[in-house]
Amino acid sequence: MRYDLKKQLRSFVYAGKGIAACVGKEQNLSFHLIATVLVVTAGIIFGITRTEWLVIILCIGMVIAAELFNSAIERLVDLASLERRPLAGQVKDIAAGAVLVCAAAAAIIGLIIFIPYLIEL
């Protein structure tokens, strides 16, 4: 099998289009992006450690990826089920629940990291 650099680059373009399809259009993703800016700003202001940055970056990636998966699942369910169905609603609710679990875990980790810095003030 031969490696195709052009094909690989196109896949990045498609991924970028997927992200762009959600940014500014999905309310929860916008909230998470605003929270990201606030957390990164706080990290810079407080001078958090390299390890703390790694954890924060993992949390940010986890939450944003979960939100993108949720958006994709919601659109797929809408495509597959044009009328309202209880099972379709459950699929959407489960996907939203997964985002909530990721966001709650990230928030707890954020508190564990930032509370000591806030106490020092």
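Our structure is the block above this text.
Small disclaimer: the values here were computed from a predicted structure and weren't measured.

Enquirer: Sorry, what's going on with the packing of aromatic side chains here?
Expert: A ring pair, where both rings are aromatic, is described by two values, the distance of the centres and the angle of the planes. This structure, assessed with the given rule, holds two aromatic pairs. Measuring from centroid to centroid gives 6.1 Å for phenylalanine 46 and phenylalanine 114, while their planes differ by 50°, and the two rings are tilted. Residue phenylalanine 46 is found in helix α2 (residues 27-46), and its partner phenylalanine 114 is found in helix α4 (residues 86-120); the two are separated by 68 residues along the sequence. The partly exposed category is assigned to phenylalanine 46, whose relative accessible area is 21%. Between phenylalanine 46 and tyrosine 117, the ring centres sit 5.8 Å apart and the planes meet at 25°, which makes this aromatic pair stacked. On the criterion of sequence distance, the pair formed by phenylalanine 46 in helix α2 and tyrosine 117 in helix α4 is long-range, its members being 71 residues apart. Among the aromatic side chains, those forming a connected cluster through ring pairs are Phe46, Phe114 and Tyr117.

Enquirer: Teacher, can you tell me more about the packing of helix α1 (residues 5-22) against helix α3 (residues 50-80) here?
Expert: In a packed pair of helices, the relevant descriptors are the angle between the two axes and the axis-to-axis distance. Relative to each other, α1 and α3 sit at 80°, their axes nearing to 10 Å. Between α1 and α3, the angle is such that the two are roughly perpendicular. Every residue of α3 that contacts α1 at Ile19, Ala21 and Cys22 is listed here: Leu68, Ser71 and Arg75. Split into classes, the residues belonging to the contact of α1 with α3 amount to four nonpolar, one polar and one charged.

Enquirer: How should the layout of surface pockets be read in this particular structure?
Expert: In this approach a probe as big as a water molecule rolls over the atoms, and the regions it shows empty are the leftover space. Size it by volume and the largest pocket reaches roughly 300 Å³. Along its surface, the largest pocket is lined by 15 residues, and Ala35, Val39, Ala103, Ala106 and Ala107 are the ones closest to its centre. Put simply, the parts of the chain that give the lining of the largest pocket at least two residues each are α2, α3 and α4.

Enquirer: Help me understand α2, please; the structure alone is not making it clear to me.
Expert: Turn by turn, an α-helix covers 3.6 residues, leaving residues three or four places apart pointing in a common direction. Its 20 residues place the ends of α2 29 Å apart at the C-alpha level, agreeing with the 28 Å of an ideal helix rising 1.5 Å per residue. Considered for burial, the residues of α2 that qualify are Leu29, His32, Thr36, Ala42 and Gly43. All buried residues of α2 project into a common sector of 140° when viewed along the axis, lining one side. In α2, the exposed residues that point more than 90 degrees away from the buried face are Gln27, Phe31, Ile34, Val37, Leu38, Ile44 and Ile45.

Rules behind the numbers
Residues numbered from 1 in each chain as written. Predicted model: local features only at pLDDT ≥ 70, side-chain atom pairs only at ≥ 80, totals over all residues. Heavy atoms only, no water. Phe/Tyr/Trp six-rings, centres within 6.5 Å; stacked < 30°, edge-to-face > 60°. Helix = DSSP H or I, 4+ residues; strand = E, 2+ residues; numbered from the N terminus. Buried < 20%, exposed > 50% of the residue type's maximum accessible area, 1.4 Å probe, protein only. Axes fitted to C-alpha atoms, helices over the stretch in contact; angles between N-to-C directions. Parallel < 35°, antiparallel > 145°, perpendicular 65-115°, else oblique. Contact = heavy atoms within 4.5 Å. Nonpolar A, V, L, I, M, F, W, Y, C, P; charged D, E, K, R; others polar. 1 Å grid on protein atoms, 1.4 Å probe; cavity = no way out; pocket = protein on both sides within 12 Å on 5 of 7 lines; lining within 4 Å. Points joined across faces, edges and corners; volume = space filled by probe spheres on them. Expected span 1.5 Å × (residues − 1). Arc of directions from axis to C-beta.

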